[in-house]
Each structure stands twice: as structure tokens, then as C-alpha cells.
Amino acid sequence: IMNILFIGQFCIADGDGWGDATKDIARSLLTQDCNLVLRNINMANAPKIKINKDLEPYLNKKLPNYDIVIQKVLPNLLTYDGRFKQNITIQAFETELPRTHAWLNKLSIMDKVFVFSTQEVKWLSNYHKSVSYIGEAIDINIANKKYNPIHPIFEQNIFKFYCINSATERKNLDTIVSAYL
């Protein structure tokens, strides 16, 4: 059984895309035959909250040694540590980075890079020897819930627009929906 140290943003309110994805990856790892330890890093200006109850026992757990470290942090925060057999990062990029971007250098220090799309695998393979696709760990039951409209534009009853997305201003969801009106 492997001992895995997973560093990520766990103590953040539900609804934060990065934090939710990190917590869902941890839940997926818990379905595997491994000893999992979680360590929180706060990368947002959001207030730190208690971790979800199902993940809480793993946050302060300690093991005498670790085989693998997984870092789901911004690339500028990545650190290589030779005490681990494998230094892995899990990343999600919204755009392709220019060849001179400092994040590419940070990714190159890791043993493995996992990303959520085959397109990311294709362009990152030009810069890193071991890039692999990993499916996103999403609780598909969120699609079965009933959600209230998040903005008056959705109440026009012209059509139903379904989207699984965070309702933040940065995602600009009302502009996307407006394009179809």
C-alpha cells in the first residue's frame, strides 16, 4: 500500500472550482488502496474554513514516510522533494501558455504532470517528458439537484440553459447565455 501526501486547497468553501476539484480528487484517491494524508494550502483570499467532515480525518494524519507527493497548487508554488519516489502535480489550464512562461519551468521539475484534457496533454508534451490525461473527479449527482436561477436573465423562459459552472462574475455566465437570446 502506497503512502500518499496530497497538498492542495481543501479548507475553502464549497462552490470554489479549484477547491471543489481538489476535494473531489482526494475523495477519488480514498477509493483506492492507499494511505492518504492531506495538507492544506490556502491560495485564495477567501477565508479559511473547516474542511468537509468526510475529509477531516485525513488532514492532520501523519505517516512515518511517503511514497508519493501530489501537489494541486498553482505552478509557481510547485516544489520538488527528493525524499519522495514520485513528485506529481495535477493541473488545469484554461489557455495554452507561451513557451517562455515561468510556469513551464516549474512543471519541468516534477516527475509527472496530470491534466484534465487531451489538448493539454498535446501541448504540454512539448515541454515535459511525462504528461498524462486524468479524468476530472466530479460528483455527477450535482446534475440531479434542482437549482434556482442565478440571474434575472435566466427567468425569461425563452429556453432552458443547463450548465454546471460556478456562478462567479469571472465565469461571465450571463454573457454566454445572452449570446443565445
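Residues numbered from 1 in each chain as written. Predicted model: local features only at pLDDT ≥ 70, side-chain atom pairs only at ≥ 80, totals over all residues. Heavy atoms only, no water.

For the rest of this paragraph, the subject is the pattern of salt bridges. In the structure shown here, the tally under the stated rule is five salt bridges. For the salt bridge of Asp 20 with Lys 23, the shortest nitrogen-to-oxygen distance reads 3.9 Å. Of the two residues, Asp 20 and Lys 23 both sit in helix α1 (residues 17-29), three residues apart, roughly one turn of that helix. Under the relative-accessibility criterion, Lys 23 is labelled buried at 1%. The shortest N-O distance in the salt bridge between Asp 67 and Lys 85 comes to 3.3 Å. Here Lys 85 lies in the loop between β3 (68-71) and β4 (86-91) and Asp 67 lies in the loop between α2 (56-59) and β3, a separation of 18 residues in the sequence. The exposed category is assigned to Lys 85, whose relative accessible area is 64%. The structure contains a network of salt bridges with shared partners spanning Asp 24, Arg 27 and Asp 54. (Salt bridge = Lys/Arg side-chain N within 4 Å of Asp/Glu carboxyl O. Helix = DSSP H or I, 4+ residues; strand = E, 2+ residues; numbered from the N terminus. Buried < 20%, exposed > 50% of the residue type's maximum accessible area, 1.4 Å probe, protein only.)

Our focus in this paragraph is the confidence of the model for the protein. On average, residues of the protein carry a pLDDT of 85, and 85% of them reach 70 or more. Mean pLDDT across the elements of the protein bottoms out in helix α5 (residues 173-178) (75) and peaks in β3 (98). (pLDDT = per-residue confidence, 0-100.)

Once that is clear, we can look at the side chain of Gln 71. With respect to the secondary-structure elements, Gln 71 resides in strand β3. Note on Gln 71: relative accessible area 6%, which makes it buried. Sequence-distant contacts of Gln 71, that is, excluding residues within four places in its chain, are made with Ile 7, Leu 77, Leu 78, Thr 79, Asn 87, Ile 88, Thr 89, Ile 90, Gln 91 and Met 110. (Contact = heavy atoms within 4.5 Å.)

What the six strands build is an open sheet, ordered β2-β1-β3-β4-β5-β6; its pairing is parallel. Each end of this open sheet is capped by a strand with a single partner; those strands are β2 (34-40) and β6 (131-133). When strand polarity is set aside, the average angle formed by the axes of neighbouring strands in this sheet is 25°. For strand β1 (residues 2-8) and β3, the ladder comprises four bridges, and the chain directions are parallel. (Pairing = 2+ DSSP bridges. Axes fitted to C-alpha atoms, helices over the stretch in contact; angles between N-to-C directions.)

Summed over the entire model, instances satisfying the criterion amount to four aromatic pairs. Seen from their ring centres, Tyr 66 and Phe 84 are 6.4 Å apart, and the 45° between their planes marks the pair as tilted. With Tyr 66 in the loop between α2 and β3 and Phe 84 in the loop between β3 and β4, the pair connects residues that are 18 residues apart, well separated along the chain. Relative to Trp 123, the ring of Phe 93 lies with its centre 5.7 Å away and its plane at 65°, an arrangement referred to as edge-to-face. Taken as a pair, Phe 93 in the loop between β4 and α3 (102-108) and Trp 123 in helix α4 (residues 118-124) lie far apart in primary sequence, 30 residues in all. When sorted by exposure, Phe 93 lands in the same class as Trp 123, which is buried. Feature note: the residues Phe 93, Trp 103 and Trp 123 constitute an aromatic cluster, connected by ring pairs. In this structure, Lys 72 packs its charged tip against the face of Trp 18, placed 3.9 Å from the ring centre. (Phe/Tyr/Trp six-rings, centres within 6.5 Å; stacked < 30°, edge-to-face > 60°. Lys NZ or Arg CZ within 6 Å of the ring centre and 35° of its normal.)

For β1, the tally of buried residues reaches five of seven residues, placing the bulk of the element in the interior. Pairing between β1 and β2: seven bridges, direction parallel. Looking across to β2, one finds that Asn 3 is bridged to Asn 35.

With that settled, consider the environment of Ile 88. By secondary structure assignment, the location of Ile 88 is in strand β4. Residue Ile 88 is classed as buried on the basis of its relative accessible area of 8%. Residues Ile 88 and Gln 71 lie 17 residues apart in sequence; the distance between their C-alpha atoms is 6.2 Å. The residues touching Ile 88, leaving out its near neighbours within four places in the chain, are Ile 68, Val 69, Ile 70, Gln 71, Met 110, Lys 112 and Phe 114.

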